[in-house]
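# Results of the structural survey
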Amino acid sequence: MNLQTPYKILMYSHDTYGLGHIRRCLAMARSLSKTPANILLLTGSPLAGRFKIPRRIDFVRIPGMIKVTHEQYLPLSMKLEAAEVLEIRKSIILATAKAFQPDFFIVDKAPLGLKREVVDTLLWLKSEFPCCQSILGLRDIMDSAESTIDDWSSKDIYEAMDQLYHEIWVYGCRDFYDPILEYAIPPHVAQKIHFTGYIPRQVPSPEDIQATRRSLGISAEDKLIVVTTGGGADGQPVVNTFLKAFDASLGGVPKHTRVVIVTGPFISPRDYQEVVKQCESLRFTTLKFYRSMERLIGAAAVVVSMGGYNTVCEIASQKKPFLIVPRTVPREEQLIRAQVLCSRGFCDYLHPRELTPATLREKVLTLLHNGSSCRRKMGQFPFTALEVIRKRILDHKRCEQKCI
């Protein structure tokens, strides 16, 4: 293998909730495909085919599961028992690894996969294909320290990190939040950890942004507010409160202000119809899914979101003033991220217990008319992940050359 020979990367993303996992993996895959590499993405997302998939990247769709409670998952569409679908997923993952024989296996967020479904694959790679580097990728913040330590201790995650992975990449900045300290990661595991910084996203051209504005009928003098709740399964409180915030009783919609609400594809049909009805009365635009979200964010003056890792990266990549209204269940990850980023001046946030139409309106309008400090601050956001990851992959490749 030389530096110009495409190597093979297998990526796993369980995708049981929202769109975050597949969006993060695709952002990395787009970058790594140019190094060069052939990349195969294992995903349970039912929306994988809706994204633009560049050359050298393809995906294997495993049957979808949906999260019902913190520990319970059910088949997304198949009328089978959960255990049967999990066995199918496990078999597909292992068979794909055996056929593809990757140089790198990157597991997103879940060290054991959904219900331990990647363990057999990790063990096979370790014993039968040891030249493959198994890498665990973790977002900047998993959950509160107490919940994460309890979860990792009860599921033997610390042991899995030690025994099954060559490296652990944390897609964040240690100065912002230190998982080694917060999650009591043992020293022998901590030495495998590499902090990459955050994963930047594609920045559309001015021409693409203008084309997006024209397609939505937004004139040059209009300021656009974009509201996005990710996958949309739990975004109704944010959307409903936003709609009330711009009701006539609170002052209505300011002049030359347009609003686009992206509910997310996993919103229930009933809730979606109600949102559409309310948006029509306010002359807001409603979208369930937008394929080029980066263009829509680029067209915005302010973005309101729930604070998932990927949405934050997409907004900050374009230095847009934004307000986070985080969820706090089943995990506190979004709340902690909002507090960390707000304390450093990158955004504003509103705790769910303080979420009212009046408070939401005040914060949104403040950012709309005075978001310059956030924009300046975001010029310092540590978007180094893709550069660091490419370097680590290429360094492995060079070491492999020397060993041949």
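The structure presented is a predicted model; accordingly, all values stated were derived computationally and were not measured. (Residues numbered from 1 in each chain as written. Predicted model: local features only at pLDDT ≥ 70, side-chain atom pairs only at ≥ 80, totals over all residues. Heavy atoms only, no water.)

## Things to note about the nonpolar core
Nonpolar side chains in soluble globular proteins tend to be buried together. Spelled out, the test is: By convention a nonpolar core is built from buried Ala, Val, Leu, Ile, Met, Phe, Trp, Tyr and Cys residues, the set being connected through side-chain atoms within 4.5 Å. Relative accessible area decides the class of each residue, using a 1.4 Å probe on protein chains only: under 20% of the type maximum gives buried, over 50% gives exposed, and in between gives partly exposed. Numbering of helices and strands runs from the N terminus, with a helix taken as a DSSP run of H or I at least four residues long and a strand as a DSSP run of E at least two residues long. Contacts between residues were defined by any pair of non-hydrogen atoms, one from each residue, lying within 4.5 Å.
Ranked by internal contacts, the top residues of the largest apolar core, which has 137 residues, are Phe242 and Leu296. A total of seven residues in this core trace back to one element, the largest contributor, which is helix H1 (residues 20-32). Every residue in contact with Phe242, bar those within four places of it in the chain, is listed here: Ile225, Val227, Val259, Ile261, Phe284, Val304, Leu360 and Val364.

## What to know about a nonpolar patch on the surface
In plain terms, the rule: Grouping into patches uses exposed residues only, defined as over 30% relative accessible area, and leaves out salt-bridged ones; the cut-off is 9 Å for like charges and 5 Å for nonpolar side chains (Val, Leu, Ile, Met, Phe, Trp, Tyr). Accessible areas in this description were obtained via Shrake-Rupley with a 1.4 Å probe; residue shielding takes into account the shown protein chains only. Think of a salt bridge as a Lys or Arg side-chain nitrogen and an Asp or Glu carboxyl oxygen that are within 4 Å of each other.
Where nonpolar side chains cluster on the molecular surface, the patch consists of Ile66, Val68, Leu74 and Leu76 and spans about 290 Å² of accessible area. Judged by relative accessible area, which is 37%, Ile66 ranks as partly exposed.

## A closer look at the packing of aromatic side chains
The line we're drawing: Each Phe, Tyr or Trp ring, with Trp reduced to its six-membered ring, pairs with another whose centre is within 6.5 Å; inter-plane angles below 30 degrees give stacked pairs, above 60 give edge-to-face pairs, and intermediate values give tilted ones.
Scanning the entire structure with this criterion turns up 15 aromatic pairs. Summarising the aromatic geometry, the rings of Phe51 and Phe289 are spaced 5.8 Å apart at their centres and angled 85° between planes, so their arrangement reads as edge-to-face. With Phe51 in the loop between strand S2 (37-43) and strand S3 (57-61) and Phe289 in the loop between strand S12 (285-287) and helix H11 (293-299), the pair connects residues that are 238 residues apart, well separated along the chain. Taken individually, Phe51 and Phe289 each receive the classification buried, so the pair is uniform in this respect. Aromatic side chains Phe176 and Phe346 sit 5.9 Å apart centroid to centroid with 40° between the ring planes, which places their arrangement in the tilted category. Highlighted residues: Phe176 in the loop between strand S8 (167-171) and helix H6 (179-182) and Phe346 in the loop between helix H13 (333-343) and strand S15 (348-349), separated in sequence by 170 residues. According to the relative accessible area criterion, Phe176 is buried, its value standing at 14%.

## What about helix H2 (residues 82-100)?
Selection criterion: In this scheme, a helix's expected span is set at 1.5 Å multiplied by one less than its residue total. What the arc covers is the set of directions going from the helix axis to the C-beta atoms.
Between its first and last C-alpha, H2 extends 27 Å over 19 residues, near the 27 Å set by a 1.5 Å rise per residue. Along H2, the positions that sit buried rather than exposed are Ala82, Val85, Leu86, Arg89, Ile93, Thr96, Ala97 and Phe100. End-on view of H2: buried residues confined to an arc of 105°, all on one side of the axis. Facing away from the buried side of H2, by more than 90 degrees, are the exposed residues Ala83 and Ala99. Buried residues in H2 make contact with strand S1 (7-13), S2, S3, strand S4 (65-67), strand S5 (73-75) and helix H3 (119-128).

## Some remarks on the pairing of S2
Put simply, the test is: Any two strands with at least two DSSP bridges between them are considered paired.
Burial analysis of S2 places six of its seven residues in the buried class, the great majority of the element. Where S2 meets S3, five bridges bridge the pair, whose relative direction is parallel. Across the sheet, residue Leu42 finds its bridge partner in S3, namely Val60.

## Overview of the pattern of salt bridges
If you walk through the whole model with that rule in mind, you get 16 salt bridges. A salt bridge links Arg89 to Glu117, with the shortest nitrogen-to-oxygen separation between them at 2.7 Å. You can see Arg89 sitting in helix H2 and its partner Glu117 sitting in the loop between strand S6 (104-108) and H3, a full 28 residues away along the chain. For the residue pair Arg89 and Glu117, the accessibility class agrees, reading buried in each case. For the salt bridge of Glu333 with Arg139, the shortest nitrogen-to-oxygen distance reads 3.2 Å. With Glu333 in helix H13 and Arg139 in strand S7 (residues 133-139), this residue pair connects regions lying 194 residues apart in the sequence. For the pair shown, Glu333 and Arg139 are each scored as buried. Here the salt bridges share partners, and the residues they tie into one network are Arg139, Asp140, Glu333 and Arg337.

## Concerning the sheet that holds S3
This is how the line gets drawn: Geometry is summarised by axes, namely lines fitted to C-alpha atoms with helices restricted to the contacting stretch, and by angles between N-to-C directions that run from 0 to 180 degrees.
Within the open sheet, the seven strands sit side by side as S3-S2-S1-S6-S7-S8-S9. Their pairing is parallel. Pairing within the sheet leaves two strands with one partner each, and these edge strands are S3 and strand S9 (193-195). Each neighbouring strand pair of the sheet contributes to a mean axis angle of 25°, computed without reference to strand direction.

## Some details on the sheet that holds strand S10 (residues 223-228)
The strand order S12-S11-S10-S13-S14-S15 describes an open sheet built from six strands, whose pairing is parallel. With one partner strand each, in any of the chains shown, S12 and S15 form the two edges of the open sheet. Seen against the sheet, helix H9 (residues 236-245) touches S10, strand S11 (257-262) and strand S13 (302-305) and runs at an angle of roughly 160° to S11.

## Considering helix H5 (residues 157-164)
When H5 is considered as a whole, its buried residues turn out to be Ile157, Tyr158, Ala160, Met161 and Leu164. Buried residues of H5, viewed axially, fall in a sector of 170°; they line one side. On its buried face, H5 is in contact with H3, S7, helix H4 (145-154), S8 and helix H7 (187-190).

## Topic: the environment of Glu274
When you line up the elements, Glu274 lands in helix H10 (residues 269-282). When its relative accessible area of 39% is taken as the criterion, Glu274 is described as partly exposed. Between the C-alpha atoms of Glu274 and Ala160, which are 114 residues apart in sequence, the distance is 45 Å.

## Quick notes on the environment of Asp234
Selection criterion: Under the rule applied, a polar contact is a pair of N or O atoms within 3.5 Å (in protein, one hydrogen donor and one hydrogen acceptor; residues adjacent in sequence only if both atoms are side-chain atoms).
Inspection of the secondary structure puts Asp234 in the loop between S10 and H9. On the basis of relative accessibility, which here comes to 23%, the residue Asp234 falls in the partly exposed class. Within the local environment of Asp234, its side chain forms a polar contact with the side chain of Arg327, the two groups lying 3.1 Å apart.

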